[in-house]
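Here is what each chain is made of, one letter per residue.
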Amino acid sequence: MQTPVPDYLQHVLQACQSNAQGAVADYIPELAHADHERLALALCTIDSTLYSTGDDQLAFTIQSMSKPFAYALALETHGLNSVLSKVGVEPSGEAFNQISLGQDNLPKNPMINSGAITTHSLLPYKKTVSRAEHLRRFLSTLAGRELQFDERVYESELKTAFRNRSIGYMLRTVGVLDEDPESIVDGYIRQCAIQVTVQDLARMAGVLANGGLCAGTGQRLLERAVVRQVLSVMMSCGMYDAAGDWLTTVGIPAKSGVAGGIIGVLPGQVGIAVFSPKLDEHGNSVRGVHIFERLSKDMGLHLMEGTPSAQTILQSRYTVGKNNDVVVYELRGVLQFTESEMLLRSLQDEPTGTNRIILDLTNLTLVHDVGARMLFEGVKRLKADGHQVVVIDSERLLSDTQSKGHKRSIVHTPLDVYLERFASVK
Ligand code: GLU
């Protein structure tokens, strides 16, 4: 059998193809040459499976879709408080290139140009490696291939970047930038000229969807807290001045760029990327918005839909051992507050006694800190009731911090081996 997902994506693409509204961005002269008909869609699951259709090999410039990733790199480099002292997180409700600041004289958020130019100044750099080059390398790691700068688009934007220069000088005047604004704006324009395909973008978005972990390599590329910050800002500020409309109709944290791309990230599920050059009055790809609306509706991807995961935490409960005195709880899914509450409610029904209770975490995909805290509080209380409690963490899901102080209750042996070893139990 072949999975129907690629057919579905193709179907969505075809359904949106006839939408010929909008106009290509021409304030960057090179972008005006884009072929209007181009259309592409890619989707990357959190376990790194990539589906794509249409012009999925076509490279275009990342433009403003670089902003969330530059923000992530700045956060990784300087920490949240330091970045917040330079750029706010409030939706501006203004055009992306508005020459304005918030009341505190800081750019309102990192998704509009004033905030993005400031964020660019916070990227790491060395004498031999520019900020834009650092970002290019970081995006290449996220995309899993070496990305290039589009020199023509860069040169073209540089020649006409009067507005961004004005923003740079404004930022220098109020002290948000403490360097030559010309070189920071130059670097920012270079950052926007990194070439990507929808496949690259979907992979990059997939890493964000997976909480910063690249499933393909198992490497952590971004801290979970950084990803949360970036997605929150994308949700409230990512779609230019149409953010409220987007939140209600699509409900997926996203960022668009003037070359015609849009990336969307559904935490814990998928990264999505679309491309089509004609833009609406807000600067968002017309067909791109159409495709996202369609995917969100068809696939129930709206963030506010909620998830039924709490129904599934307890995979099974059974007893083993000579006297059926060993109780095994096999868990599955994600252990967050709701699931832990449900688990603790089941454990509450265990009669007081000296039974051995085994909590098997093998089939969990993620244990949140609150989940770990609640789990071990349950373990403590079961022990206080006289039980012996063993937590099987053969997949080593628990972090050092989560397991700190509970090491004596945790074993890393798989459940069947553990039961085998305690032959009396089998
Ligand atoms: N380089 C573009 C600019 O700064 C990016 C704008 C965008 O994609 O929204 O004007």
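Residues numbered from 1 in each chain as written. Predicted model: local features only at pLDDT ≥ 70, side-chain atom pairs only at ≥ 80, totals over all residues. Heavy atoms only, no water.

## Some words on the side chain of Thr 119
Thought 1: With respect to the helices, strands and loops of the structure, Thr 119 is situated in helix α4 (residues 113-121).
Thought 2: The buried category is assigned to Thr 119, whose relative accessible area is 1%.
Thought 3: Excluding its chain neighbours within four sequence positions, the residues that come into contact with Thr 119 are Ala 70, Tyr 71, Ala 74, Val 87 and Pro 110. (Helix = DSSP H or I, 4+ residues; strand = E, 2+ residues; numbered from the N terminus. Buried < 20%, exposed > 50% of the residue type's maximum accessible area, 1.4 Å probe, protein only. Contact = heavy atoms within 4.5 Å.)

## With respect to helix α10 (residues 224-237)
Side chains of residues three or four places apart in an α-helix project in the same direction, reflecting 3.6 residues per turn.
Thought 1: With 14 residues, α10 extends 20 Å from end C-alpha to end C-alpha; this agrees with the ideal 20 Å at 1.5 Å per step.
Thought 2: Buried within α10 we find Val 226, Val 227, Gln 229, Val 230, Leu 231, Val 233, Met 234, Met 235 and Cys 237.
Thought 3: Looking at the buried positions of α10, the neighbouring elements they touch are α2 (66-78), α3 (80-84), α9 (198-209), α11 (243-249), β7 (254-256) and β8 (261-266). (Expected span 1.5 Å × (residues − 1).)

## Quick notes on the side chain of Ser 114
Thought 1: Looking at where Ser 114 falls in the secondary structure, it is placed in helix α4.
Thought 2: Leaving out residues up to four positions away in the same chain, Ser 114 has contacts with Ser 100, Pro 107, Ile 167, Met 170 and Leu 171.

## Considering the pairing of strand β11 (residues 326-335)
The side chains of a regular strand alternate between both faces of the sheet.
Thought 1: Of all 10 residues in β11, 7 are buried; the element is thus mostly enclosed.
Thought 2: Across 6 bridges, strand β10 (residues 314-320) lies against β11 in antiparallel orientation. Across the sheet, Tyr 318 pairs through a bridge with Val 328, a residue of β11.
Thought 3: Counted along the chain from β10 to the antiparallel partner β11, the turn is 5 residues long, and its residue Gly 321 has a positive phi close to 95 degrees.
Thought 4: With 9 bridges connecting them, β11 and strand β12 (residues 356-367) associate as parallel partners. Counted as the bridge partner of Gly 333 is Leu 364 from β12.
Thought 5: Once you follow β11 into helix α13 (residues 337-347) and on to β12, the crossover reads as right-handed. (Pairing = 2+ DSSP bridges. Right-handed = clockwise from strand over helix to strand, strands pointing away.)

## Observations concerning the nonpolar core
Thought 1: Formed by 49 residues in total, the largest nonpolar core has its most connected members in Ile 62, Leu 135, Leu 139, Leu 142, Leu 201, Met 204 and Leu 208.
Thought 2: Every element with two or more residues in this core is listed here: β1 (40-45), α2, α5 (131-143), α9, α10, β8 and β9 (270-275).
Thought 3: With 8 residues, α9 is the single largest residue contributor to this core.
Thought 4: When near neighbours in sequence (up to four residues on either side) are disregarded, Leu 135 contacts Ser 66, Phe 69, Ala 70, Leu 73, Leu 123, Gln 191 and Ile 194.
Thought 5: Formed by 23 residues, the second largest nonpolar core is a distinct cluster that contains Leu 41, Ala 254, Val 274 and Phe 292. (Core = buried A, V, L, I, M, F, W, Y, C linked by side-chain atoms within 4.5 Å.)

## Some thoughts on the pairing of strand β2 (residues 50-54)
Thought 1: Here β1 runs beside β2; their pairing, made up of 5 bridges, is antiparallel. Across the sheet, residue Ala 42 finds its bridge partner in β2, namely Ser 52.
Thought 2: Counting the residues between successive antiparallel strands, the hairpin from β1 to β2 contains 4 residues, one of them, Ser 48, with a positive phi of roughly 75 degrees.

## Considerations on the site of the ligand
Thought 1: Every residue close to the ligand is listed here: Tyr 27, Gln 63, Ser 64, Phe 96, Asn 113, Glu 157, Asn 164, Tyr 188, Cys 192, Tyr 240, Gly 257 and Val 258.
Thought 2: A distance of 3.0 Å separates an oxygen atom of the ligand from a polar atom in the side chain of Asn 113.
Thought 3: Separating an oxygen atom of the ligand from a backbone N or O atom of Val 258 is a distance of 2.8 Å.
Thought 4: Look at the ligand: alone it shows 290 Å² of surface, and the protein chains cover 99% of it.
Thought 5: Of the residues belonging to the shell around the ligand, the class tally is 6 nonpolar, 5 polar and 1 charged. (Near = heavy atom within 4 Å. Polar contact = N/O pair within 3.5 Å; in protein donor to acceptor, adjacent residues only side chain to side chain. Areas by Shrake-Rupley, 256 points an atom, 1.4 Å probe, with all protein chains shown as cover. Nonpolar A, V, L, I, M, F, W, Y, C, P; charged D, E, K, R; others polar.)

## Let's talk about the environment of Phe 60
Thought 1: Along the chain, the position of Phe 60 falls in strand β3 (residues 60-61).
Thought 2: For the pair Phe 60 and Asn 19, spaced 41 residues apart in sequence, the C-alpha separation works out to 20 Å.
Thought 3: If near-sequence neighbours (up to four positions away) are discounted, Phe 60 is found in contact with Met 65, Ile 194, Gln 195, Val 196, Thr 197, Val 198, Leu 201, Gly 261 and Phe 275.

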